[in-house]
Amino acid sequence: MEIDLSKFNKDADNAQEQINILKERLSELKQHIKNKSVRSTDDPDLNKVITENIKLKHRLTILNRAITAQSMNVQPRDETRMQSITDIITDTFSSAIAAAFPDITDPPVVIALSGSNPKFGDYQCNSAMPLANIYKQLGKRIAPRDIGQKIIENVQPHELIEKLEVAGPGFINIFISKNYGTKSLATIFEYGVRPPSISKRHRVLVDFSSPNIAKEMHVGHLRSTIIGESICRLLEYLGHNVIRINHVGDWGTQFGMLIAHLKDKFPNYSVESPTISDLQAFYKESKNRFDEDEEFKKRAYASVVKLQSFDPEHKKAWELICDVSRKEFQKIYDRLDVRLTERGESFYQTRMESIVKELDAAGFLELDDGRKVMWGDGTIPMTIVKSDGGFTYDTSDIAAIKHRLYEEKADWLIYVTDAGQATHFQILFGCAKRIGLLDERIHRVDHVGFGVVLGEDKKKFKTRSGDTIRLLDLLDEGLKRALEKLKEKERDKVLTPEELKEAQESVAYGCIKYADLSHNRNHEYVFSFDKMLDDKGNTAVYLLYAFTRIKSIARNANFTAEKIKELSKTHQISLEHEKEWKLGKVLLRFPDVLLKITRDLCLHHLCEYVYEVATTFSEFYDNCYCIEKDSSGDIVRVNYGRILLTEATALVLEQGFYILGLKPVSKM
Ligand code: ARG
């Protein structure tokens, strides 16, 4: 369907004017109702007024929607993109329900996927029961089945919809059309697996990973890194403009003691760069001195003050220390294939100074025991200035949110940290709203929290000796275990050393990422190499194997990607067999899964989906021959439509894998 934008714009322009007129009419009518002393529904005059009122309200809602749609800068449909089936059905049924029941304002439009029984269709509209309830409250009794029937009568024909049926107490079963499926899946060969359209291209800033300089990056930061990277990949794929920010902790009071210690240990650090091989040990040493030596403590405090006023010598020392950490962090990002721009707390120093002045001048800061605090809407304030005049984590986040919204001009901010910081972000968002920075009508903010990582003993993930686990050690352990697994399956006997190494890395990093993403992020999860390296169940190993198997089907029939593309011009994807159609319908759901994740930012939906694709594929493959061979192993027949279905499956899986950070290998 083509949208004529010029006409649409003009319509929406007039809409505001019409709304004003309608609002006036509405208040007149309300007054009229009030003036009538009798509130009897037997009064025909009053009834007329009420009906008119309801109709006007409905008209108002529609016009309001038009205005919102216009301000969201709706783009015409892009034929190359896959469509969201849920969106089409929701739109179709919204119109049908509005047409069937114009007297109900904002009627419920409930669309769901049907259960596994094909008798109940593919999708369902479950609006009839809630509508019957609304009528009951208005004093009218209508059987939900009749409501269902009336909705069906008002559904405009759409190529997606094959058949509609009222079932049970009033559910509407929706059967989708194979014709539509064939056409829609064919776009994959023409344009690739294209994402569903988005109504607005957002500028999204994702703050993730964000470890602290001079401290070890721990498993919490690993979770943030993995989840954040996948969110970025998803949003980029959908076409948003994504800014990836590593908000490293590089500006706290700990730098005072680190610099003071550096000066003592490497007096000529400014001419000869010292090699601090173990920053952890260095941190511990300086912390010990800080706790025990009063004179050192004083020097440490003095150093922070100097650093924060950008004294060149102190800045140099600080940079030296940051560099050591930065290199360590980068090793992890390289191995996990993560891209980030570092913009730590230090970046906001001058902005913190100015925002504190602004807040003070505007009367937002309150004195509390020597500190300056600011209240949002909750019961805990933010500490903006400490009693010694220093700034805090809160100060940098308030300065950062302003920078992100007004200098970076992002309209969507995402913060990925452990759930323990949920309150911090709630307070931050509350304060930002109160001081007028954050306007939820134009900005979206999300704190993407996650649960803690547990060891197999169900306690906080630690080494045997109780230390925090070094991430590099963890990744090495993953590599070792992945290789063992591959050898156990005798892959070392069939793969070249390069192929084996590639498979080893793909399995190791893939399984760590996938284990993290496949759990609902809000829950804690148990880190277990045994479980994540299992080749059965919803694991990276199972999926990577499934993928190579799928890829090998076309390869064994001598089909290259180009040849398949050619084939798609002369042949249709085959959706006739029950198992083919089942698989096809799962593939068609890909856009909906992505849109769902855009709403709740939970990547486990995508893990469940790729797993469903892989298992549905094997069900299809067990039942349907793609290639028939004779007894001597020669190919006698190739089912082209099935080769296309196989390839479409591989392409959808590949795109899902990319978002999840899995790197499929051609041989495993
Ligand atoms: N460095 C912090 C930590 O390790 C995380 C920072 C998250 N981002 C933010 N803007 N507060 O806990």
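- Within an unreviewed UniProt entry, the label attached to the chain reads Probable arginine--tRNA ligase, cytoplasmic, and the organism entered is Rhamnusium bicolor.
- Turning to the chain, the UniProt annotation filed under Sequence similarities (unreviewed entry) states: "Belongs to the class-I aminoacyl-tRNA synthetase family."
- Here is the UniProt Subcellular location (unreviewed entry) comment for the chain, exactly as written: "Cytoplasm, Cytosol".

## With respect to the UniProt feature "domain: DALR anticodon binding" (unreviewed entry) in the chain
- Here the UniProt-annotated "domain: DALR anticodon binding" (unreviewed entry) positions come out as residues 543-668.
- Counted over residues 543-668, helix gives 69% and strand 6%. Its end C-alpha atoms are 11 Å apart.

## A word on empty space enclosed by the protein
- Taken as a whole, this structure holds two cavities of 30 Å³ or more when the rule is applied.
- In this structure, the largest cavity is lined by Thr-225, Ile-226, Glu-229, Ser-230, Leu-336, Val-338, Lys-513, Leu-660 and Gly-661.
- Here the element with the most residues in the lining of the largest cavity is helix H7 (residues 219-238); it accounts for four residues.
- Tallied by class, the residues present in the lining of the largest cavity amount to four nonpolar, three polar and two charged.
- In this structure, the second largest cavity spans a volume of roughly 40 Å³.
- Among the residues forming the lining of the second largest cavity, the class breakdown is four nonpolar, two polar and two charged.

## Remarks on the site of the ligand
- For the ligand, the full set of nearby residues is Asp-207, Ser-210, Asn-212, His-221, His-247, Tyr-393, Asp-397, Tyr-415, Thr-417, Gln-421 and Phe-425.
- Between a nitrogen atom of the ligand and a side-chain N or O atom of Asp-207, the distance comes to 2.8 Å.
- When isolated, the ligand has an accessible area of 350 Å², and the protein chains bury 90% of it.
- One can see that the ligand is located within the second largest pocket.

## Some details on the sheet that holds strand S8 (residues 366-368)
- With antiparallel pairing, three strands are arranged side by side in an open sheet as S8-S9-S10. The open sheet has two free edges, formed respectively by S8 and strand S10 (382-385), since each of these has just one partner strand. Ignoring strand direction, the axes of neighbouring strands in this sheet form an average angle of 50 degrees.
- For S8 and strand S9 (residues 371-374), the ladder comprises three bridges, and the chain directions are antiparallel. Among the inter-strand pairings, Asp-368 is bridged to a residue of S9, identified as Arg-371.

## Topic: the sheet that holds strand S2 (residues 123-125)
- If you walk across this open sheet you meet the four strands as S1-S2-S4-S3, and the pairing is antiparallel. Because the sheet does not close on itself, it has two edges, and the strands there are strand S1 (111-113) and strand S3 (161-167). With strand direction ignored, the average angle separating the axes of adjacent strands in the sheet is 25 degrees.
- Across three bridges, S2 lies against strand S4 (residues 171-176) in antiparallel orientation. Looking at S4, one finds that Tyr-123 is bridged to Ile-174.

## A closer look at the packing of helix H18 (residues 540-556) against helix H23 (residues 640-660)
- Closest axis-to-axis distance for the H18/H23 pair is 9 Å, and the angle between their directions is 145 degrees. In this structure, H18 meets H23 at a crossing whose hand is left-handed. Residue-level inspection shows Leu-543, Leu-544, Phe-547, Ile-550, Lys-551, Ile-553 and Ala-554 of H18 in contact with H23, the latter providing Ile-643, Thr-646, Glu-647, Thr-649, Ala-650, Leu-653, Glu-654 and Phe-657.

## Thoughts on the pattern of salt bridges
- Inspection of the entire model under this criterion finds 53 salt bridges.
- Between Asp-411 and Lys-200 there is a salt bridge, with its nearest N and O atoms 3.1 Å apart. Taken together, the residues span a long stretch of sequence, with Asp-411 in the loop between helix H13 (393-407) and strand S11 (412-416) and Lys-200 in the loop between helix H6 (178-191) and strand S5 (203-207) at a distance of 211 residues.
- Accessibility expressed as a relative area gives 12% for Asp-411, which makes it buried.
- Between Arg-371 and Asp-368 there is a salt bridge, and its shortest N-O distance comes to 2.6 Å.
- By relative accessible area, Asp-368 is classed as partly exposed at 34%.
- A single network of salt bridges, built from pairs that share partners, joins Glu-229, Arg-233, Glu-236, Arg-244, Asp-337, Arg-339 and Lys-663.

## Regarding the nonpolar core
- Judged by nonpolar contacts, the single largest core of 194 residues is most densely connected at Phe-93, Met-374, Ile-398, Ile-414 and Leu-606.
- The element contributing the most residues to this core is H18, with eleven residues.
- When neighbours within four sequence positions are excluded, Ile-414 is seen to be in contact with Val-204, Leu-205, Val-206, Asp-207, Ile-231, Leu-235, Asp-446, Val-448 and Leu-601.

## Here we look at the pairing of S9
- Linkage of S8 to S9, two consecutive antiparallel strands, is achieved through a turn of two residues, within which Asp-369 is found at a positive phi near 60 degrees.
- In terms of strand pairing, S9 meets S10 through three bridges, oriented antiparallel. Considered in S10, the bridge of Lys-372 is made with Val-385.

The rules we used
- Residues numbered from 1 in each chain as written.
- Predicted model: local features only at pLDDT ≥ 70, side-chain atom pairs only at ≥ 80, totals over all residues.
- Heavy atoms only, no water.
- UniProt positions renumbered as here; feature names shortened; annotations may be inferred.
- Helix = DSSP H or I, 4+ residues; strand = E, 2+ residues; numbered from the N terminus.
- 1 Å grid on protein atoms, 1.4 Å probe; cavity = no way out; pocket = protein on both sides within 12 Å on 5 of 7 lines; lining within 4 Å.
- Points joined across faces, edges and corners; volume = space filled by probe spheres on them.
- Nonpolar A, V, L, I, M, F, W, Y, C, P; charged D, E, K, R; others polar.
- Near = heavy atom within 4 Å.
- Polar contact = N/O pair within 3.5 Å; in protein donor to acceptor, adjacent residues only side chain to side chain.
- Areas by Shrake-Rupley, 256 points an atom, 1.4 Å probe, with all protein chains shown as cover.
- Sits in = over half its atoms within 2 Å of the grid points.
- Pairing = 2+ DSSP bridges.
- Axes fitted to C-alpha atoms, helices over the stretch in contact; angles between N-to-C directions.
- Left-handed = near helix turned anticlockwise from the far one by under 90°.
- Contact = heavy atoms within 4.5 Å.
- Salt bridge = Lys/Arg side-chain N within 4 Å of Asp/Glu carboxyl O.
- Buried < 20%, exposed > 50% of the residue type's maximum accessible area, 1.4 Å probe, protein only.
- Core = buried A, V, L, I, M, F, W, Y, C linked by side-chain atoms within 4.5 Å.

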